[in-house]
Amino acid sequence: MGNLIPATVLGAGLVALPVRYWPTDMVVGGATLALAGASSLVIGRPAIARRALLIGARVLLGVGILLVTVALLSLAFLAGIHGDFGRGGVTLMLLVTLLVLPYAVVYPLVELWWLAARRPVPAAAAAPETSASPDGESPA
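Only a predicted model underlies this, so the values are computations on that prediction, with no experimental measurement involved.

Criteria and cut-off values
- Residues numbered from 1 in each chain as written.
- Predicted model: local features only at pLDDT ≥ 70, side-chain atom pairs only at ≥ 80, totals over all residues.
- Heavy atoms only, no water.
- Helix = DSSP H or I, 4+ residues; strand = E, 2+ residues; numbered from the N terminus.
- Buried < 20%, exposed > 50% of the residue type's maximum accessible area, 1.4 Å probe, protein only.
- Contact = heavy atoms within 4.5 Å.
- Axes fitted to C-alpha atoms, helices over the stretch in contact; angles between N-to-C directions.
- Parallel < 35°, antiparallel > 145°, perpendicular 65-115°, else oblique.
- Left-handed = near helix turned anticlockwise from the far one by under 90°.
- Nonpolar A, V, L, I, M, F, W, Y, C, P; charged D, E, K, R; others polar.
- Core = buried A, V, L, I, M, F, W, Y, C linked by side-chain atoms within 4.5 Å.
- Salt bridge = Lys/Arg side-chain N within 4 Å of Asp/Glu carboxyl O.
- pLDDT = per-residue confidence, 0-100.
- Patch = residues over 30% accessible without salt bridge, like charges linked within 9 Å, V, L, I, M, F, W, Y side chains within 5 Å.
- Areas by Shrake-Rupley, 256 points an atom, 1.4 Å probe, with all protein chains shown as cover.
- Expected span 1.5 Å × (residues − 1).

## So, the overall build of the protein chain
Part 1 of the argument: A tally of helices and strands in the protein chain yields 5 helices and 0 strands.
Part 2 of the argument: Secondary structure elements in the protein chain, listed N-terminal to C-terminal, are α-α-α-α-α.
Part 3 of the argument: Residues classed as buried in the protein chain amount to 26% of the 140 residues present.
Part 4 of the argument: Pairs at least 24 apart in sequence give 67% of the contacts found in the protein chain among residues at least 6 apart.

Okay, structure coming up:
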């Protein structure tokens, strides 16, 4: 259910972009759909919830790293090429980077860490071993 928040933020950011660029639309739109799909699988089919959460977190982390990298490269370009004239663009890209970072990088890292810390116990290890002798007596 928590993946709906980053999906909403990414979807709102995609709609709010003033200029349409199809590679960005495809990547961010795909990530939004993957996160919404993972959340619906968690709600609708609890048996595969863990796998859906892992896939959703990995997709979000990949897209988040890509978005932050592109934003930082834009920051470097605007600051280096345009100097003082590009100060408004630098401020805007810094704001975008700081807004994307918690939802698209920190959240999936915490989610992956949390899922890894709670690995399911195999069925053979879950059942306690009984060490009884064949005649029904317990060993001394």
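Moving on from the model shown.
## With respect to the packing of helix α2 (residues 22-44) against helix α3 (residues 49-82)
Part 1 of the argument: At a minimum axis separation of 9 Å, α2 and α3 run at an interaxial angle of 160°. Taken together, α2 and α3 sit at an angle that is classed as roughly antiparallel. As α2 packs across α3, the resulting crossing turns out to be left-handed. Here Val-27, Val-28, Ala-31, Ala-34, Leu-35, Ala-38, Leu-41 and Val-42 of α2 lie close against α3, whose contacting residues are Ala-49, Ala-52, Leu-53, Gly-56, Val-59, Leu-60, Val-63, Leu-66 and Leu-67.
Part 2 of the argument: Taken together, the residues of the contact of α2 with α3 break down into 16 nonpolar, 1 polar and no charged.

## A word on the nonpolar core
Part 1 of the argument: The biggest cluster of nonpolar side chains holds 18 residues, and the ones touching the most others in it are Leu-10, Leu-35, Leu-60 and Leu-112.
Part 2 of the argument: For this core, the secondary structure elements donating two or more residues are α1 (4-16), α2, α3 and α4 (87-117).
Part 3 of the argument: Broken down by element, the residue count for this core peaks at 7 residues, all from α3.
Part 4 of the argument: Setting aside residues up to four positions removed in sequence, Leu-10 forms contacts with Val-28, Ala-31, Thr-32, Leu-35, Leu-60 and Leu-67.

## Thoughts on the pattern of salt bridges
Part 1 of the argument: Per the counting criterion, the structure on display carries 1 salt bridge.
Part 2 of the argument: In this structure, Asp-25 engages Arg-20 in a salt bridge whose closest nitrogen and oxygen atoms are separated by 2.8 Å.
Part 3 of the argument: On the basis of relative accessible area, Asp-25 is assigned to the partly exposed category, the value being 21%.
Part 4 of the argument: Residue Arg-20 is classed as partly exposed on the basis of its relative accessible area of 46%.

## Observations regarding the confidence of the model for the protein chain
Part 1 of the argument: Of the residues in the protein chain, 84% reach a pLDDT of 70 or more, and the chain-wide mean stands at 81.
Part 2 of the argument: The secondary structure element of the protein chain with the lowest average pLDDT is helix α5 (residues 123-126), at 57, and the one with the highest is α2, at 88.

## Remarks on a nonpolar patch on the surface
Part 1 of the argument: A cluster of nonpolar side chains, namely Leu-101, Val-106, Val-110, Trp-113 and Trp-114, defines an oily patch on the protein surface of about 510 Å² accessible area.
Part 2 of the argument: Looking at where Trp-113 falls in the secondary structure, it is placed in helix α4.

## Overview of α2
Part 1 of the argument: Here α2 spans 32 Å end to end across 23 residues, near enough to the 33 Å set by a 1.5 Å rise per residue.
Part 2 of the argument: All buried positions along α2 are accounted for by Val-28, Gly-29, Ala-31, Thr-32, Leu-35, Ala-38 and Ser-39.
Part 3 of the argument: Elements in contact with the buried residues of α2: α1 and α3.

## Examining the environment of Leu-72
Part 1 of the argument: By the element assignment, Leu-72 lies in helix α3.
Part 2 of the argument: Residues Leu-72 and Val-96, 24 residues apart in the sequence, show an inter-C-alpha distance of 9.7 Å.

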